[in-house]
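# Close look at the chain arrangement
Listed below are the residues making up each chain.
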Amino acid sequence: MSGPVYSVQRLRKVFGGRGWFGGGRVVTALDGIDLDIRSGVSLGIVGESGSGKSTLARILVALEDATDGEVRFRGQPVTPYTIRPREFYRSVQFVFQNSYAAFNPRRRLGAQLDEHLRYLTDLDVSARRDRIARCLEYAQLESGLLTRFPHSLSGGQIQRMAIARGLLSAPEAIVMDESVSALDVSVQARVLRLLRQLQRDLGFTLIFIAHDLAVIDYLCAEVVVMRVGRIVERGKTTEVLGNPKSDYTRELISSCLTV
Ligand SMILES: Nc1ncnc2c1ncn2[C@@H]1O[C@H](COP(=O)(O)OP(=O)(O)OP(=O)(O)O)[C@@H](O)[C@H]1O
Ligand SMILES: [Mg+2]
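A few points on the structure. Every residue gets a number counted from 1 within its own chain, in the order that chain's sequence is written. Chains and ligands are labelled sequentially in the order written, the chains with letters from A and the ligands with numbers from 1. Local features in this predicted model are restricted to residues of pLDDT 70 or higher, and side-chain atom pairs are both shown and tallied only at a pLDDT of 80 or more, whereas totals for entire chains, interfaces and linings draw on every residue.

Helix numbers and strand numbers start at the N terminus; a helix is a DSSP run of H or I with at least 4 residues, a strand a run of E with at least 2. In terms of helices and strands, the protein chain carries nine helices and ten strands. Each principal axis of the C-alpha atoms in the protein chain carries an extent, and together these give about 50 × 45 × 40 Å. By residue count, 36% of the 259 residues in the protein chain fall in the buried class. Throughout, a residue-residue contact means that the two C-beta atoms, derived from backbone geometry, are no farther apart than 7 Å. Here the contacts in the protein chain between residues at least 6 apart in sequence split such that 67% fall between residues at least 24 apart. For every residue, the other C-beta atoms within 10 Å of its own C-beta are counted; 20 or more classify it as buried, 12 or fewer as exposed, and values in between as partly exposed. C-beta atoms are placed from the backbone.

Here you go:
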């Protein structure tokens, strides 16, 4: 399908200031974001700490409500109160930084993957088994891991398990927030290679948040640069990184080169 999967308009998110006592610190995390996201694109979102990346990610996957403006997915408004979760999460999945926390520590991984698939689809037992096997292969994981508990996997394995789970319902879009940031460099490289290949082969829309520009450069065809809740620059990754229009982007690039 062509056309935007996501359409974000005048999105604002303000935290605080509406407590019982009316006071408190007010933070404008998103300050008027307009963004169309084309189907099948790999879009990176970068910006310094506190620029609103995670807030945007959480609103895109309906974990958080906006203060103002709107997000539409395939034309349907996205808010925690209006989505039909089963349909929405069949189409949109997310993988965040710490995937140990994204699984139940007391249940075997196979049971958790199966439960996820049963919730999102009407597939029967054998179709679910096939789908799980295929997604494990996508994530380059041994099927033996299905009988294990989450904490017995390495950081790279659990992150790939979260990716496998994210692929189960063949979603149209996957949102990732710092999904490889906590991994060792070599493990990170493997997960990134995998993701790039999967995104190309399966064609899902990838919205990938990272503070590391090299990661974005490797994985994402397009990039959005955020600063204090606003988009300062957007374009093809090679163009934005090769010929940045704003001083802020230039600073981000040079700070990444020095670490
Ligand atoms: N639940 C919350 N309550 C109050 N303030 C919040 C909340 N979540 C985020 N903020 C504030 O909103 C701003 C944007 O935060 P956000 O987590 O979206 O930034 P980020 O770009 O993801 O940063 P990082 O790169 O450090 O992950 C920050 O000032 C943050 O302190
Ligand atoms: Mg964040």
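Turning our eyes to something else, we now look at the site of ligand 1. Residues in contact with ligand 1 amount to 13 residues; listed here are only the nearest, Phe15, Ala29, Ser49, Ser54 and Thr55. Taken together, the elements giving at least two residues each to the shell around ligand 1 come down to strand 2 (27–38) and helix 1 (53–60). Counting residues per element, the shell around ligand 1 draws most heavily on helix 1, at three residues. Under the scheme applied here, ten amino acids are nonpolar (Ala, Val, Leu, Ile, Met, Phe, Trp, Tyr, Cys and Pro), four are charged (Asp, Glu, Lys and Arg), and all others, including Gly, are polar. Here the shell around ligand 1 is composed, by residue class, of three nonpolar, nine polar and one charged. By definition, a residue lies near a molecule or strand when the C-beta atom built from its backbone is within 6 Å of it.

In spatial order, the strands read 6-7-8-3-9-10; together these six strands make up an open sheet with mixed pairing. Pairing within the sheet leaves two strands with one partner each, and these edge strands are strand 6 (92–95) and strand 10 (230–236). Sheet twist, expressed as the average angle between the axes of neighbouring strands with direction ignored, equals 15°. For two strands to be treated as a pair, DSSP must find no fewer than two bridges joining them. Bridge count between strand 3 (residues 42–47) and strand 8 (residues 205–209): four bridges; the pairing is parallel. If you follow Leu43 over to strand 8, its bridge partner there is Ile207. Here an axis means a line fitted to C-alpha atoms, over the contact stretch when the element is a helix, while the angle between two N-to-C directions is reported on a 0 to 180 degree scale.

Turning our eyes to something else, we now look at the pairing of strand 6. Residues Val92 and Phe94 line one face of strand 6 and the alternating positions Gln93 and Val95 line the opposite face, and both faces are buried. Bridge count between strand 6 and strand 7 (residues 173–177): four bridges; the pairing is parallel. In the strand pairing of strand 7, Val95 is matched with Met176.

Moving on, we get to the sheet that holds strand 5 (residues 76–77). The strand order across the open sheet formed by four strands is 2-1-4-5, and the pairing between neighbours is antiparallel. Sheet topology places strand 2 and strand 5 at the edges, where each strand pairs with a single neighbour. Bridging between strand 4 (residues 68–73) and strand 5 involves two bridges; their strand directions are antiparallel. Each bridged residue has a counterpart across the sheet, and for Arg72 the counterpart in strand 5 is Pro77.

It is worth spelling out the nonpolar core at this point. Soluble globular proteins: nonpolar side chains tend toward being buried together. A set of buried Ala, Val, Leu, Ile, Met, Phe, Trp, Tyr and Cys residues, joined to one another through C-beta atoms within 7 Å, is what we call a nonpolar core. Core analysis: the largest hydrophobic core is formed by 68 residues, its most contacted members being Leu60, Val175, Ile207 and Phe208. Counting residues per element, this core draws most heavily on helix 5 (residues 155–167), at six residues. With residues near it in sequence (within four places) discarded, Ile207 still touches Ile37, Leu43, Ile45, Leu60, Ala173 and Val175.

Attention now goes to the environment of Ile207. Counting through the fold element by element, Ile207 comes out in strand 8. Ile207 sits 15 residues away from Glu222 along the chain, and the two C-alpha atoms are 9.8 Å apart.

Here we come to the packing of helix 5 against helix 6 (residues 185–202). Following both chains from N to C, one finds helix 5 and helix 6 inclined at 20°, their axes separated by 10 Å at the closest point. As far as their axial angle goes, helix 6 and helix 5 are roughly parallel. Here the hand of the crossing between helix 5 and helix 6 comes out right-handed. Residues Gly155, Gly156, Gln159 and Arg160 of helix 5 touch helix 6, and the partners they reach there are Val187, Arg190, Val191 and Leu194. A breakdown of the residues in the contact of helix 5 with helix 6 according to their chemical character gives three nonpolar, three polar and two charged. Any angle that is under 35 degrees is reported as roughly parallel, and any over 145 degrees as roughly antiparallel; angles of 65 to 115 degrees are reported as roughly perpendicular and all others as oblique. Rotating anticlockwise by less than a right angle from the far helix to the near helix defines a left-handed crossing, while the corresponding clockwise rotation defines a right-handed one.

One non-glycine residue, Arg74, adopts positive backbone phi at about 50°. For Arg74, the location among the structural elements is in the loop between strand 4 and strand 5. Its identity is not glycine, yet Glu178 carries a phi of approximately 50°, on the positive side. With respect to the helices and strands, Glu178 occurs in the loop between strand 7 and helix 6.

Honestly, that's just the spatial picture; any functional story needs more than this.
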